[in-house]
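Chain residues, written in single-letter form:
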Amino acid sequence: MPIHGDPERIVQEVLEKAKKEADSLVKRSLKLKEKRLMIAKEEALKPQAEAEARAKLQAARIKRRILSSTQLEAKRMILSKKEELVVNVFSQAFQKVQQLRKSKSYPDIIFGLIEEAATELGDKKLTVEFDKEDAQIFTQKFQADISNKLSCQLYFREKDIPGGGVVLTSSHTVFDNSFSARLRRLQTQVREEVLEILLS
């Protein structure tokens, strides 16, 4: 069943459906109760009041079980839809971030991302991995400028990275400052805020 619209309405519809199913089960249960009552009278094994109480109790248990199961399924469906919304928002955000690669300020952005990673790692020998599409940015001058500014020895190599860069120490400690890694970190931090905005 596809989910469309307001999550509260979806929950209400699922709960109404569950109530109808529960009522149907209660009716069947009552018919079963009547049959049991007839058998009880015929065999004179149990008094009528005891059989009715058991049948009502059983019907109530069945109804509670169905409602509980339906409520859990409704919550699962809502959470799934919310997750789908968040993934969609961040997918669109990634596409927009990729457009930065075509901007004139992209070399400054790359410089800042490498500087941030190098500062965080605090090592004097670092390897900077960058995407081959960004190779034109990593000129000898760019490499010398960033090495001088950070006062460390930098090695550069191409790798398949969707924008941004990855910086590694000589002991292979990694600071992934690629666009995709930054968005993943951001997604973890702001997931609830994004959901609140989307659902308001």
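Going by the structure above, here's the rest.
These numbers come from a predicted model, not from an experiment. (Residues numbered from 1 in each chain as written. Predicted model: local features only at pLDDT ≥ 70, side-chain atom pairs only at ≥ 80, totals over all residues. Heavy atoms only, no water.)

Caption draft 1: Layout of the overall build of the chain. Helices and strands together make up the secondary structure of the chain, namely five helices and four strands. In the chain, the succession of helices and strands from N to C terminus is α-α-α-β-α-β-β-β-α. For the chain, with 200 residues in total, the buried portion stands at 34%. Looking at the chain alone, contacts between residues at least 24 apart form 74% of all its contacts between residues at least 6 apart. Accessible area for the chain stands at about 13500 Å²; split by element, carbon and sulfur atoms hold 54% of it. (Helix = DSSP H or I, 4+ residues; strand = E, 2+ residues; numbered from the N terminus. Buried < 20%, exposed > 50% of the residue type's maximum accessible area, 1.4 Å probe, protein only. Contact = heavy atoms within 4.5 Å. Areas by Shrake-Rupley, 256 points an atom, 1.4 Å probe, with all protein chains shown as cover.)

Caption draft 2: Representation of the pattern of salt bridges. Under the counting rule described, the total for this entry stands at ten salt bridges. Residue Arg 157 is joined to Glu 129 by a salt bridge in which the shortest nitrogen-to-oxygen separation is 2.6 Å. With Arg 157 in strand S2 (residues 153–158) and Glu 129 in strand S1 (residues 125–130), the pair connects residues that are 28 residues apart, well separated along the chain. By relative accessible area, Glu 129 is classed as buried at 5%. Look at the salt bridges and you will find they share partners, linking Arg 101, Asp 131 and Asp 134 into a network. (Salt bridge = Lys/Arg side-chain N within 4 Å of Asp/Glu carboxyl O.)

Caption draft 3: Highlighting the side chain of Asn 177. Within the fold, Asn 177 resides in strand S4 (residues 174–178). Taking the relative accessible area as the measure of exposure, Asn 177 reaches 0% and is therefore buried. If sequence neighbours within four positions are ignored, Asn 177 has contacts with Leu 113, Glu 116, Ala 117, Gly 164, Gly 165, Val 166, Arg 182 and Arg 185.

Caption draft 4: Summary view of helix H4 (residues 140–150). Inspection of H4 places Phe 142, Gln 143, Ile 146, Ser 147 and Leu 150 among the buried residues, and these make up the whole buried set. In a view along the axis of H4, the buried residues occupy a sector of 125°, so they form one face of it. The outward face of H4, more than 90 degrees from its buried face, is lined by the exposed residues Gln 140, Lys 141, Asn 148 and Lys 149. Looking at the packing, one finds that the buried side of H4 touches helix H3 (106–121) and S2. Positive phi appears at Ser 151, one or two residues downstream of H4, with a value of about 50°. (Arc of directions from axis to C-beta.)

Caption draft 5: Expanded view of the pairing of strand S3 (residues 164–169). In terms of burial, S3 is largely enclosed, as six of its six residues are buried. Residues Gly 164, Val 166 and Leu 168 point to one face of S3 and Gly 165, Val 167 and Thr 169 to the other, with burial holding for every one of them. One ladder, built from four bridges, connects S1 with S3; its direction is antiparallel. Of the residues in S3, the one forming a bridge with Glu 129 is Val 166. Sheet topology note: the S3/S4 ladder contains five bridges and is antiparallel. Bridging from a neighbouring strand, Leu 168 pairs with Val 174 of S4. Linking S3 to S4, which pair antiparallel, is a turn of four residues; within it His 172 sits at a positive phi near 70°. (Pairing = 2+ DSSP bridges.)

Caption draft 6: Summary view of the pairing of S1. For S1, the tally of buried residues reaches five of six residues, placing the bulk of the element in the interior. Judged from the six bridges that link them, S1 and S2 form a sheet pairing that is parallel. Within S2, the position partnered with Lys 125 by the bridge is Gln 153. Once the chain exits S1 it traverses H4 before rejoining the sheet at S2, and the crossover so formed is right-handed. (Right-handed = clockwise from strand over helix to strand, strands pointing away.)

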